[in-house]
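# Descriptive structure summary
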Amino acid sequence: MDRIIVEGGHQLNGQVTISGAKNAILPVLAATLLTGGKNEIQNVPGVRDVKTMVNLVRELGGRVDHFEADRLVLDSGGINNPVAPYDLVSTMRASCMVLGPLLARLGEAKVSLPGGCAIGARPIDLHIKGLEALGADIQLEKGYVHGVAKKLKGAHHLFESVTVTGTMNVLMAAAMAEGETVLENAAKEPEVEFLADVLNQCGAKIEGAGTDKIIIEGVTSLKPIHCRILPDRIEAATYMIAGAITDGDVEVLDCVPAHLEAVIQKLREAGVGLKENETSIRVRGNGELRPVHIRTHPYPGFATDVQAQFMTLMTLAKGQSVISETVFENRFMHVAELRRMGADIHIEGHTAIVSGVEQLSGAPVMATDLRASACLVLAGLVAERDTVVSRVYHIDRGYEDMEKKLSQLGAAIRRVR
Ligand code: EPU
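The paragraphs below set out a description of the structure included in this document. Along each chain, residues carry numbers from 1 onward, in the same order as the chain's sequence is written. Local features are withheld for residues below a pLDDT of 70 in this predicted model, meaning they are given only at 70 or higher, and side-chain atom pairs are given and counted only at 80 or more; totals for whole chains, interfaces and linings count all residues. In computing side-chain values, all of the structure's heavy atoms are included and hydrogens and water are not.

### Side note on the sheet that holds strand S6 (residues 83-84)
Hydrogen bonds between backbone groups are what pair the strands of a sheet, and the pairing can be parallel or antiparallel. Applied cut-off: The pairing criterion is simple: DSSP has to find at least two bridges between the two strands. Secondary structure is summarised from DSSP: a helix means a run of H or I of at least four residues, a strand means a run of E of at least two, and numbering begins at the N terminus for each. Residues are treated as being in contact if the distance between any of their heavy atoms lies within 4.5 Å. Angles shown run from 0 to 180 degrees and are taken between the N-to-C directions of axes, each axis being a line fitted to C-alpha atoms and, for helices, limited to the stretch in contact.
Ordered by their spatial adjacency, four strands build an open sheet running S6-S7-S9-S8, and the pairing between neighbours is mixed. Here the strands that pair on one side only, and so sit at the sheet edges, are S6 and strand S8 (137-141). Those strands touched by helix H4 (residues 99-106) are strand S7 (108-112) and strand S9 (144-148), and its axis lies near 155 degrees from that of S7.

### So, the pairing of S9
Rules: Burial classes follow relative accessibility: with a 1.4 Å probe on protein chains only, a residue under 20% of its type's maximum area counts as buried, one over 50% as exposed, and anything between as partly exposed.
Taken across its five residues, S9 has four buried, putting it largely inside the fold. Pairing of S7 with S9 involves five bridges; the strand directions are antiparallel. Residue pairing across strands places Ser112 opposite Tyr144, the latter belonging to S9. Strand direction decides the pairing type here: S8 and S9, joined by five bridges, are antiparallel. Each residue of the ladder has a partner; that of Asp137, found in S9, is Val148. Between S8 and S9, which pair antiparallel in sequence order, lie two residues; one of them, Lys142, sits at a positive phi of approximately 45 degrees.

### Topic: the side chain of Gln309
Mapped onto the secondary structure, Gln309 falls in helix H10 (residues 307-314). Apart from residues no more than four positions distant in its own chain, Gln309 is found in contact with Ile234, Thr238, Ile241, Arg371, Ala374, Cys375, Leu378 and Tyr399.

### Some thoughts on H10
In terms of burial, H10 is a largely internal element, eight of the eight residues being buried. Of all the residues in H10, the buried ones are Gln307, Ala308, Gln309, Phe310, Met311, Thr312, Leu313 and Met314.

### Description of the sheet that holds strand S10 (residues 156-158)
Strand order in the open sheet formed by four strands is S10-S11-S13-S12, and the pairing between neighbours is mixed. Both edges of this open sheet fall to S10 and strand S12 (205-207), since each of them pairs with a single strand only. Taken over all neighbouring pairs, the strand axes of this sheet differ in orientation by 15 degrees on average, direction set aside. In this sheet, strand S11 (residues 180-184) lies alongside S10 in parallel orientation, the contact comprising three bridges. Looking at the pairing, His156 lines up with Val182 of S11. The strands that helix H6 (residues 164-175) touches are S11, S12 and strand S13 (213-217); relative to S13, the one it contacts most, it runs at about 25 degrees.

Following this line, the structure appears as structure tokens:
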């Protein structure tokens, strides 16, 4: 199994270009199931979750005409299989986003129920309730969610709590349901707004995406998708923290600063120098980090997907930071690994109290999920001697060329097989 070895102590300087967002392309790939022709997607990030989703669309009857560099052409004319099998869904929870589009396209969907995962139980009950509101009849059978719907019908639906992929799943189904759907307490993440924009370009009638109330007037057909995936705000935040933690000078290119406001604000509070331009952000360390308190929240709050990386930064601040995780119940798996590197972190329920230390020390550590693995690499950049991160397949799920991008900034990082 691959491992990543990071030799600490190298300041990062230079520019890094951000890839397309994993969490934006996955719903777009699910949305190809709604259209009937050649969908063309650009700025495709080279990450494993994208390959998994493309394989799933193939399994359902799609055909890949071109998949090279950052361009993907996917023909969804032949979608005919409503079954998303366990072996694909179990490796990537986002696969459950095919549920809504399959119901809309084929009138039936049989999608394996994803199991628990490293960051929490992560049920999909809110997806199911939303689709039932549109008239789908959904049963749980032998580990599968089996839904049928002769014709989905628009409805007024309130999400009990905010769910990102749940909102997208129901939004995609409603785009082709009969009549009007109103979704309340919808997720406001930029990726939801992006999906709605992409669908609108195909002929959908969606208003309000990016707010907590989305109004969808169903249409009977959608033209194929032609889009360029928006930049990955979580990858951008990770490189911003990499610049800050090494006290370096890093310019993050091809990002949307407006999507990173919560992170920018917290980095400023920590004393990091930041300059925002239209599509880039320059980050400069100023020699000393101040402690900062963080509470994760749905967008526009501080993203749970940046919590682990920010915690790594706070392990070296001068004082005590309090980091509360409110989105997932078990997203502190990285804490035990950071402690092995000398971090002083104490957990009380959903809160981590981080007391800054002078120096982290390199150690063998194990990645437990995607963002936890990024936080361990960040720790390795500044730790004394070598840090060996194992289970790096987690990184490959969501970060394109991480070692290459960090090396170009001056990090001493390599992968061993
Ligand atoms: N939840 C339920 N029932 C549901 C759905 C969600 O109880 O039916 C709970 C979850 O267990 C969680 C909370 O609601 O406690 C929020 O979960 P949400 O549904 O918003 O998460 P998600 O849609 O499964 C997406 C991202 C995650 C990101 C979260 C939160 C994708 C593909 N995944 O997951 O990204 O952490 O939103 O912002 O968009 C990552 O990229 O590393 C990652 C985990």
